[in-house]
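Spelled out, the chains give:
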Amino acid sequence: MPLASPLPEPEIATATPGVREKARIERPRDFTARFARRTRGIGYVLMRLHRRWALAAAMLGAVALPAFAEPAGWSRFAIADAGTADIEPAPMPFEQTGAGFPGSAFYYLESESAPLRIGEGIRSDSDDAVSGPVARSLRVDNSGVDRSRALQCLTAAIYYEAASEPDAGQRAVAQVVLNRVAHPSYPKTVCGVVYQGSERSTGCQFSFTCDGSLARRPQRLFWDRAQEVARAALSGYVYAPAGLATHYHTVQVRPYWAPSLNYLATIGAHRFYSFRGGAGSPATFRYAYLGGEPVAAPHRREDTLSSASTPAALDPLAVQRAFGLVEPTAAAPTVSRPGSAAGPQAPEASPAYTSEVRERGGESLYRAQNLPGAQGIRGEYANSGRWIADPRS
């Protein structure tokens, strides 16, 4: 049986004879040979994963889009809706374009209270009013050894005497040292004044030079602060409220010489005094620095019998007598204090105030008024807080 003849090839009317013959030759008869089946490898797995991720993203969008398209009244999405505010707040300066810099928002923060700096918050019972003559400038402008030694000694005096006090208390201590340098009864150098009497176990002019305080290493922060005050004082700065003060003591003690000197003011934790009579006259002080600073260190300790006696230069009462001040010799009447077994004692004495302080009120300025009463006080404590007369009697 003869095979069926193949179907006639369709003719392309628009093609040329050469093109028609080429198409008849290249056209395959079996289409399966042209489109071979692809092997399921890694490409197939990635394609399926891509389809699954696309399907998951489409489902998530179908769920989330209606939620965000809900009106603002829906309770779940109406929290802190700024669109309902009547007044729209104005932007802060650092939120405006060109009006800020990186970190500028920090300067617009408000704190409840500013932190206290060193020495702040300490109150005194005296104002900054000047009572009496004012000291003059004393410049230590010598270069080299004198300047460095004077700065070292004055810094030590300020640090060990008033490290934790406000600036006013430190400046007053520095002024006392310079006033003594200018007074003829004391050494003519800063280190000589600071370490006067340091060879004694007791009786030094500044307690830190003979009580072992120098064995304590100073803290750098407080030392630098005291050094700035000392540098200003040696450059001619005058602290006027200290006046011509040459003595001071803390408010916790009562030295024997306090009633015999002129009380000026309480600055920081110290009470300041000046000489009476010719010893405290402004003409007595000579604010001229001649140099010759000794070593900035305490003197060699002497425990001999001669050093045990107090030199006249260390006793302020002897200094006043040397300038012609006659002290009253009349003995005050004795009184008996309740609760004391010592018998009659000297009455309490108040400080000697300058004429300016007496005009302002004298003792009434510093006497406590309208204090609440107390009951059940033991007899030996009944006079606590009162002035003590000469403790040597």
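From a predicted model like this one, the values you see are computed outputs, not experimental measurements.

On to the confidence of the model for the protein chain. On average, residues of the protein chain score 74 in pLDDT, and 59% of them are at 70 or above. Scored below 50 in pLDDT, residues 330–348 shows 22 contacts in the model against residues more than four places distant or in partner chains.

On to helix α7 (residues 220–234), then. Compared with the 21 Å implied by 1.5 Å per residue over 15 residues, the 21 Å span of α7 between its first and last C-alpha is a close match. Where α7 terminates, the next one or two residues include Gly236, which has phi positive at roughly 110 degrees.

Let us look at the state of the cysteines. Applying the stated criterion to the full structure yields two disulfides. With its sulfur 2.0 Å from that of its partner, Cys153 forms a disulfide with Cys191. On the sign convention where negative means left-handed, the S-S torsion of about 95 degrees between Cys153 and Cys191 marks this disulfide as right-handed. With Cys153 in helix α4 (residues 145–162) and Cys191 in helix α6 (residues 190–194), the pair connects residues that are 38 residues apart, well separated along the chain. Both residues of the pair, Cys153 and Cys191, belong to the buried class. In this model, Cys204 is linked to Cys210 through a disulfide, with the two sulfur atoms separated by 1.9 Å. As the torsion about the S-S bond is roughly -50 degrees, the Cys204-Cys210 disulfide counts as left-handed.

Here we take up the packing of helix α5 (residues 167–182) against α7. Relative orientation of the contacting elements α5 and α7 amounts to 45 degrees, with a least axis distance of 10 Å. Between α5 and α7, the interaxial angle falls into the category oblique. Helix-helix and strand crossings are classified by hand; for α5 and α7 the assignment is right-handed. Residues Asp167, Gln170, Arg171, Ala174 and Leu178 of α5 form the contact with α7, whose participating residues are Arg225, Ala226, Val229, Ala233 and Leu234.

A word on the environment of Leu325. Structurally, the position occupied by Leu325 is in the loop between α9 (316–322) and β4 (335–336). Given the relative accessible area of 21%, Leu325 is considered partly exposed. The spatial distance from the C-alpha of Leu325 to the C-alpha of Gly278 is 7.1 Å, given a sequence separation of 47 residues. Dropping the residues within four chain positions of it, Leu325 is found in contact with Arg276, Gly277 and Gln320.

Bringing the packing of aromatic side chains into the picture now. Per the stated rule, a full pass over the model turns up nine aromatic pairs. Measuring from centroid to centroid gives 4.9 Å for Tyr159 and Tyr160, while their planes differ by 90 degrees, and the two rings are edge-to-face. For the residue pair Tyr159 and Tyr160, the accessibility class agrees, reading buried in each case. A connected cluster of aromatic rings, assembled from ring pairs, spans Tyr159, Tyr160, Tyr195, Phe208 and Trp223.

This part covers the packing of α4 against α5. Between two packed helices, the angle of one axis relative to the other and the distance separating the axes together describe the packing. For the pair α4 and α5, the least separation of the axes is 9 Å and the interaxial angle reads 130 degrees. On the basis of their axis angle, the class for α4 and α5 is oblique. Remark: the crossing between α4 and α5 carries right-handed chirality. Note on element contacts: α5 touches α4 through Gly169, Gln170, Val173, Ala174 and Val177, opposite Leu154, Ala157, Ile158, Glu161 and Ala162. Its residues placed into classes, the contact of α4 with α5 shows seven nonpolar, two polar and one charged.

This part is about the pattern of salt bridges. Following the criterion strictly, the structure yields three salt bridges and no others. In this structure, the salt-bridge partner of Arg225 is Asp167, at a minimum N-O distance of 2.9 Å. Taken together, the residues Arg225 in helix α7 and Asp167 in helix α5 connect sequence positions 58 residues apart. The residue Asp224 makes a salt bridge to Arg220 at a minimum N-O spacing of 3.5 Å. Highlighted residues: Asp224 and Arg220, both in helix α7, separated by four residues, approximately one helical turn. On the basis of relative accessibility, which here comes to 29%, the residue Asp224 falls in the partly exposed class. Overall, the relative accessible area of 62% leaves Arg220 in the exposed class.

About the thresholds
Residues numbered from 1 in each chain as written. Predicted model: local features only at pLDDT ≥ 70, side-chain atom pairs only at ≥ 80, totals over all residues. Heavy atoms only, no water. pLDDT = per-residue confidence, 0-100. Contact = heavy atoms within 4.5 Å. Helix = DSSP H or I, 4+ residues; strand = E, 2+ residues; numbered from the N terminus. Expected span 1.5 Å × (residues − 1). Disulfide = S-S within 2.5 Å. Buried < 20%, exposed > 50% of the residue type's maximum accessible area, 1.4 Å probe, protein only. Axes fitted to C-alpha atoms, helices over the stretch in contact; angles between N-to-C directions. Parallel < 35°, antiparallel > 145°, perpendicular 65-115°, else oblique. Left-handed = near helix turned anticlockwise from the far one by under 90°. Phe/Tyr/Trp six-rings, centres within 6.5 Å; stacked < 30°, edge-to-face > 60°. Nonpolar A, V, L, I, M, F, W, Y, C, P; charged D, E, K, R; others polar. Salt bridge = Lys/Arg side-chain N within 4 Å of Asp/Glu carboxyl O.

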